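# A structural walkthrough
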Amino acid sequence: MSNEDQLSLFDISANSASTPPATVSELIPTSAKIPIPPGTYQTMTQMAEHCNQCQRCGLGKTRTHAVVGRGNLQAPIMIVGEAPGQNEDETGLPFVGKAGQLLEKILASVKLDLEKDIYIANVNKCRPPSNRVPTTEEIAACRPYLLEQIRMVDPKIILLTGATAVKGLTNDKRGITKIRGTWIEWEGRLCMPILHPAYLLRNPGREQGSPKWLMWQDIQAVRAKFDEICNAG
Ligand code: URA
């Protein structure tokens, strides 16, 4: 099936009256030109089926598994990372390698439970070769999936880990060290840019002003906001 066929198939309104409308799950996203409008998916499972067949960018050719998300699908807090690494590509689950283990420890330090309070996903669902940073085109091709995830989970707070997550969601290209720890509003949602846990692994010092120290400040601010808006009354 050509890209053009897929394009018209995906746009259900473009089907003529004589053609039964294809269901979303029959349609395979083969090009970044194919729109994925808000409300395309009813469930994360349905979206994950698409992600595992997706060829909207070149990363589809080299993935083992698309990595969609894990945690509570109704979580008040969503964490957005950059892209899967090797462990994630092999398991199909985000943040299961060393960076993920550190992230879980950071959350546990303020009594946030990844399975209960958090849903975690990435800007890009497929691993970039050699863990390079995803390109602007790859980010744009995958963005509709992230937007669908945010719509379906409907989190009160979004944590953006690292500059790629900030850029991928909000298009804000400021350096992460400048904006970490500050609340920003995106589409009416409270977002906080935080340092990426992999950066903390490369900078293990704990002195005042170090990446770990900054993360400790930021995660406490997140916990306080969570108590304020999620546990009020
Ligand atoms: N780093 C990320 O940004 N995401 C993952 O899933 C794993 C490591």
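The shown structure was predicted, so the numbers you read here are calculated from the model rather than taken from an experiment.

This part takes up the overall build of the chain. Along the chain, the regular secondary structure elements total nine helices and six strands. Looking at the chain residue by residue over its 233 residues, the buried ones come to 48%. For the chain, the proportion of contacts with a sequence separation of at least 24, taken over those separated by at least 6, is 71%. Accessible surface, the chain as shown: approximately 11400 Å² in total, 51% of it carbon and sulfur.

So, about the site of the ligand. Around the ligand, the neighbouring residues are Gly81, Glu82, Ala83, Glu88, Pro94, Phe95, Asn122 and His196. Asparagine 122 has a polar side-chain atom sitting 2.8 Å from a nitrogen atom of the ligand. At 2.8 Å from an oxygen atom of the ligand is found a side-chain nitrogen or oxygen belonging to histidine 196. For the ligand, whose free accessible area comes to 240 Å², the fraction covered by protein is 90%. Tallied by class, the residues present in the shell around the ligand amount to three nonpolar, three polar and two charged.

The subject of this paragraph is the confidence of the model for the chain. Confidence in the prediction of the chain, expressed as mean pLDDT, is 91, and 88% of residues score 70 or more. Of the regions scoring below 50 in pLDDT, residues 11-17 engages in seven contacts with residues more than four places distant in sequence or in other chains.

You can see glutamate 88 is positioned in helix H3 (residues 86-91). At 3.1 Å, the side chain of glutamate 88 forms a polar contact with the backbone nitrogen of glycine 97. If we skip the residues at most four places from it in the chain, glutamate 88 touches Val67, Leu93, Pro94, Phe95, Val96 and Gly97.

With that out of the way, let us pick up the packing of aromatic side chains. Under the defined criterion, the tally for this structure stands at one aromatic pair. Measuring from centroid to centroid gives 6.4 Å for tyrosine 41 and tyrosine 145, while their planes differ by 35°, and the two rings are tilted. Taken together, the positions of tyrosine 41 in the loop between helix H1 (3-10) and helix H2 (44-51) and tyrosine 145 in helix H5 (residues 136-153) put the pair 104 residues apart, joining distant regions of the chain. The two residues tyrosine 41 and tyrosine 145 agree in class, both being buried.

Take helix H6 (residues 163-170) next. When we look at burial in H6, the residues that qualify are Thr164, Ala165, Val166, Gly168 and Leu169. Packed against the buried residues of H6 are strand E2 (77-81), H5, strand E4 (157-161), helix H7 (176-179), strand E5 (184-186) and strand E6 (189-194). Remark: asparagine 171 follows H6 within two positions and exhibits a positive phi of approximately 70°.

Our focus in this paragraph is the side chain of lysine 225. As for its placement among the helices and strands, lysine 225 is situated in helix H9 (residues 211-230). Given the relative accessible area of 19%, lysine 225 is considered buried. The residues touching lysine 225, leaving out its near neighbours within four places in the chain, are Ile157, Trp183, Leu190 and Cys230.

About the cut-offs
- Along every chain, residues carry numbers that run from 1 in the direction the sequence is written.
- Only residues with pLDDT of at least 70 get local features here, since the model is predicted, and only at 80 or more are side-chain atom pairs given and counted; chain-wide, interface and lining totals rely on the full set of residues.
- Heavy atoms from the whole structure form the basis of all side-chain values; hydrogens and water molecules are not counted.
- Each helix is a run of DSSP H or I of at least 4 residues and each strand a run of E of at least 2, with the numbering of both proceeding from the N terminus.
- Exposure categories follow from relative accessible area, calculated using a 1.4 Å probe and restricted to protein chains: below 20% of the type maximum is buried, above 50% is exposed, and the middle band is partly exposed.
- We call two residues in contact when some of their heavy atoms are within 4.5 Å.
- With residues, only the protein chains shown are counted as cover, and all accessible areas are computed by Shrake-Rupley using a 1.4 Å probe.
- Note on terminology: near, applied to a residue and a molecule or strand, indicates that one of the residue's heavy atoms is within 4 Å of it.
- Between N or O atoms, a polar contact is any pair within 3.5 Å; within protein, one atom must be a potential hydrogen donor and the other a potential acceptor, and residues adjacent in sequence are included only when both atoms are from side chains.
- Polar here means any residue outside two lists: the nonpolar Ala, Val, Leu, Ile, Met, Phe, Trp, Tyr, Cys and Pro, and the charged Asp, Glu, Lys and Arg; Gly therefore counts as polar.
- As a per-residue quantity, pLDDT reports the predictor's confidence and falls between 0 and 100.
- A pair of Phe, Tyr and Trp rings is counted when the ring centres sit within 6.5 Å of each other, with Trp represented by its six-membered ring. The angle between the planes then sorts it: under 30 degrees is stacked, over 60 is edge-to-face, the rest tilted.

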